[in-house]
Amino acid sequence: HIDSETAADPAKLREKVKDAAMLLRDGGVVAFPTETVYGLGADARSTAAVEAVFAAKGRPSDNPLIVHISKNAQLEGLVEHVSPAARKLMEAFWPGPLTVVLPVKANVLSPRVTAGLDTVGIRMPDHPVALALIEESGCPVAAPSANRSGRPSPTLASHVVEDLGSFIDGVVDGGATGVGVESTVIQVSEDGSVTVLRPGGITLEQLSQAAGASVQLDPAILPESDTAGDLAPRAPGMKYTHYAPKGTLSIITGASNKVSEYMSRNLQEAAGRGERTGVLAFDEHIGRYQADCIESLGSLSDLSTAAHRLYAALRRMDEENIGFILSEACPEEGIGAAIMNRLRKAAGQTVIHLDATAR
Ligand code: TXA
Ligand code: MG
């Protein structure tokens, strides 16, 4: 009973949202579009519904879910306290791809949502279907990305059906999501400083401008952190390998000519060994490669395209049965920080630096 309707017909879409809201109220699990990726929603107050989400995804139970709201008034029923600094960032970026981790109010949400933590991540998505669904259901909606655990997050309803079709009660098809990578997860301390637990749709640059305070990445998720020590990421989800295609994926960095030369040679050698080859590259260099599956990440001059396309491109590698995959890198500025974070996870942190000085 999967309901896959395109966003083309607003009247039909409204009907689907009503049906989905009813399913949520009845304890069902329903996937829906947000501006980042598709989410798998459940009533965050119902332990049975939340358990169905964990089961459908095959998600480890120590990884908490984000709770989605449609209006500011919902917030006070869910959290103990919102500092002025946190409030300021919500005002700046909600609705939008920002999740704020706050002290959870006791005995409102299912304890499974927070995975036993005393905090909860809250966000107000910037998508008309998501907002209408939350509003109509009257529930705080717990929603992780609607993929099987470990797979790239879904940016199309068809990705959801592919991963979860037989495990969920429905999908509201709102077409392709916009941003393409998940929300930025932050925690704000009493002094107003901001820690980014997961880079995402709102950039560090945007956060520091709005906060007027220091913004740092959780040290445990810095690129070098796997050699720097065994810090535990403050967002439990960040410790898991994610998004990994079935083939081996390596990221190649360095001067663009060297990167292209290295990638072309290695793709050719892999093809010579009889492997199916894939490449993720920017439009500035994509003409330099030959491979069985060539995926464009758009232009380096507008990284929002790479964010929008990344997960579908990774899924295509599996669809095309690619065993050997190489990807170009992008600067870790703006949305580039989130793109590189996800790419490194997909590559199991395999990054080949071609600059002698960077070695
Ligand atoms: O864009 C998004 O955020 C999407 C859409 C559907 O809203 N949702 C999403 O949820 O990406 P999920 O469950 O795939 O990722 C949630 C991330 C995980 O890394 C989790 O560990 C972290 O947020 N998180 C959730 N609650 C937390 C908390 N109380 N403290 C620290 N990290 C938390
Ligand atoms: Mg996820």
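Residues numbered from 1 in each chain as written. Chains lettered and ligands numbered in written order. Predicted model: local features only at pLDDT ≥ 70, side-chain atom pairs only at ≥ 80, totals over all residues. Heavy atoms only, no water.

The name an unreviewed UniProt entry gives the chain is Threonylcarbamoyl-AMP synthase, with Paenibacillus dendrobii as the organism. Per UniProt, the comment on the chain under Sequence similarities (unreviewed entry) is "Belongs to the SUA5 family." (UniProt positions renumbered as here; feature names shortened; annotations may be inferred.)

Colleague: Which parts of the structure should I look at to understand the UniProt feature "binding site: ATP" (unreviewed entry) in the chain?
Modeller: Under the feature "binding site: ATP" (unreviewed entry), the UniProt entry names Arg 59, Asn 63, Thr 119, Arg 123, Ser 145, Ser 153, Arg 198 and Tyr 243. Spanning 185 residues, the named residues are also spread out in space, since their farthest C-alpha pair is 25.8 Å apart. In this fold, Arg 123 is placed in strand β5 (residues 119-123). For Arg 123, a relative accessible area of 2% corresponds to the buried category. Of note is the side chain of Arg 123, whose polar atom sits 3.1 Å from the side chain of Thr 34. (Helix = DSSP H or I, 4+ residues; strand = E, 2+ residues; numbered from the N terminus. Buried < 20%, exposed > 50% of the residue type's maximum accessible area, 1.4 Å probe, protein only. Polar contact = N/O pair within 3.5 Å; in protein donor to acceptor, adjacent residues only side chain to side chain.)

Colleague: What is the right way to look at helix α4 (residues 128-137) in this model?
Modeller: Quick reminder: α-helices carry 3.6 residues per turn. Residues three or four places apart thus point the same way. Val 129, Ala 130, Leu 133, Ile 134 and Ser 137 are the residues of α4 that are buried. Buried residues of α4 fall within an arc of 130 degrees about the axis and therefore sit on the same side. For α4, the secondary structure elements touched by its buried residues are α1 (10-25), β1 (30-32), β3 (66-68) and β6 (141-142). Remark: Gly 138 follows α4 within two positions and exhibits a positive phi of approximately 70 degrees. (Arc of directions from axis to C-beta. Contact = heavy atoms within 4.5 Å.)

Colleague: Honestly, the UniProt feature "domain: YrdC-like" (unreviewed entry) in the chain in this entry has me stumped. Any pointers?
Modeller: Sequence positions flagged by UniProt for "domain: YrdC-like" (unreviewed entry) are, in local numbering, residues 14-202. The distance separating the terminal C-alpha atoms of residues 14-202 is 29 Å; by composition the span is 27% helix and 19% strand.

Colleague: What is the right way to read the sheet that holds strand β14 (residues 324-328) from this model?
Modeller: Neighbouring strands of a sheet are bound in pairs by backbone hydrogen bonds; such pairs are parallel or else antiparallel. Taken in spatial order, the five strands of this open sheet run β13-β12-β14-β11-β15, and their pairing is parallel. At either end of the open sheet lies a strand with only one pairing partner, and these are β13 (293-296) and β15 (351-353). Put simply, the sheet's adjacent strands are angled 20 degrees from each other on average, direction ignored. Bridge analysis of strand β12 (residues 277-281) against β14 gives four bridges, and the strand direction is parallel. (Pairing = 2+ DSSP bridges. Axes fitted to C-alpha atoms, helices over the stretch in contact; angles between N-to-C directions.)

Colleague: Got a minute to help me understand the pattern of salt bridges in this structure?
Modeller: Side-chain pairs of opposite charge can arise whenever the charged atoms involved come near each other. Counted according to the given criterion, the structure contains 16 salt bridges. The shortest N-O distance in the salt bridge between Lys 239 and Asp 62 comes to 3.0 Å. Here the residue Lys 239 occupies a position in the loop between α7 (225-228) and β11 (248-253), and Asp 62 occupies one in the loop between α2 (47-57) and β3, the gap between them amounting to 177 residues. Classification of Lys 239 by relative accessible area gives partly exposed; the value is 46%. In this structure, Glu 135 and Lys 71 form a salt bridge, with 3.4 Å as the shortest nitrogen-oxygen distance. Of this pair, Glu 135 sits in helix α4 while Lys 71 sits in the loop between β3 and α3 (84-93); the two residues are 64 residues apart in sequence, bridging distant segments of the chain. Residue Glu 135 is classed as partly exposed on the basis of its relative accessible area of 45%. Given the relative accessible area of 38%, Lys 71 is considered partly exposed. Among the charged side chains, a network of salt bridges with common partners joins Arg 151, Glu 162, Asp 163, Lys 246, Arg 315 and Asp 318. (Salt bridge = Lys/Arg side-chain N within 4 Å of Asp/Glu carboxyl O.)

Colleague: Whenever I open this one, the packing of α1 against α4 confuses me. Can you help?
Modeller: When two helices pack together, their arrangement is captured by the angle between the axes and the distance separating the axes. The N-to-C vectors of α1 and α4 enclose an angle of 45 degrees; their axes lie 8 Å apart at closest approach. By the angle between their directions, the pair α1 and α4 is classed as oblique. For the element pair α1 and α4, the recorded crossing hand is right-handed. In this structure, α1 contributes Leu 13, Val 17, Lys 18, Ala 20, Ala 21, Leu 24 and Arg 25 to the contact, and α4 contributes Val 129, Ala 132, Leu 133, Glu 136 and Ser 137. Residues of the contact of α1 with α4, tallied by class, amount to eight nonpolar, one polar and three charged. (Parallel < 35°, antiparallel > 145°, perpendicular 65-115°, else oblique. Left-handed = near helix turned anticlockwise from the far one by under 90°. Nonpolar A, V, L, I, M, F, W, Y, C, P; charged D, E, K, R; others polar.)

Colleague: Where do I start with the packing of aromatic side chains in this structure?
Modeller: The tally for this structure, following the rule as stated, stands at one aromatic pair. Seen in terms of ring centroids, Tyr 243 and Tyr 311 are 4.9 Å apart; in terms of plane orientation they differ by 25 degrees. Their pairing is stacked. One end of the pair, Tyr 243, is in the loop between α7 and β11; the other, Tyr 311, is in helix α9 (residues 304-319), and 68 residues separate them in sequence. Both residues of the pair, Tyr 243 and Tyr 311, count as buried. Positioned over the ring face of Phe 54 is Arg 112, at 5.2 Å from the centre of the ring. A cation over a ring is seen here: Arg 273 above Phe 324, with NZ or CZ 5.7 Å from the ring centre. (Phe/Tyr/Trp six-rings, centres within 6.5 Å; stacked < 30°, edge-to-face > 60°. Lys NZ or Arg CZ within 6 Å of the ring centre and 35° of its normal.)

Colleague: Where do I start with helix α8 (residues 256-272) in this structure?
Modeller: With 17 residues, α8 ought to run about 24 Å at 1.5 Å a step, and its terminal C-alpha atoms sit 24 Å apart, in line with that. Along α8, the positions that sit buried rather than exposed are Val 259, Ser 260, Tyr 262, Met 263, Asn 266, Leu 267 and Ala 270. Considered in projection along α8, the buried side chains sweep an arc of 165 degrees and stay on one side of the axis. Every exposed residue of α8 that faces more than 90 degrees away from the buried side is listed here: Asn 257, Glu 261, Gln 268 and Gly 272. Against the buried residues of α8 lie β11, β12, β14 and β15. Within two residues after α8, Gly 274 carries a phi angle of roughly 90 degrees, on the positive side. (Expected span 1.5 Å × (residues − 1).)

Colleague: Just checking my understanding: could you explain the site of ligand 1 for this structure?
Modeller: Around ligand 1 sit 27 residues in total, of which Thr 36, Asn 63, His 68, Ser 183 and Gly 237 are the nearest. In the model, an oxygen atom of ligand 1 is placed 2.9 Å from a nitrogen or oxygen of the Arg 59 side chain. Within the side chain of Arg 198, one N or O atom sits 2.9 Å away from an oxygen atom of ligand 1. Within the complex, 97% of the 680 Å² of free accessible area of ligand 1 lies under protein. Breaking the shell around ligand 1 down by element, the ones donating at least two residues are β3, β5 and β9 (194-198). Top contributing element to the shell around ligand 1 by residue count: β5, with four residues. In terms of residue class, the shell around ligand 1 is made up of 13 nonpolar, nine polar and five charged. (Near = heavy atom within 4 Å. Areas by Shrake-Rupley, 256 points an atom, 1.4 Å probe, with all protein chains shown as cover.)

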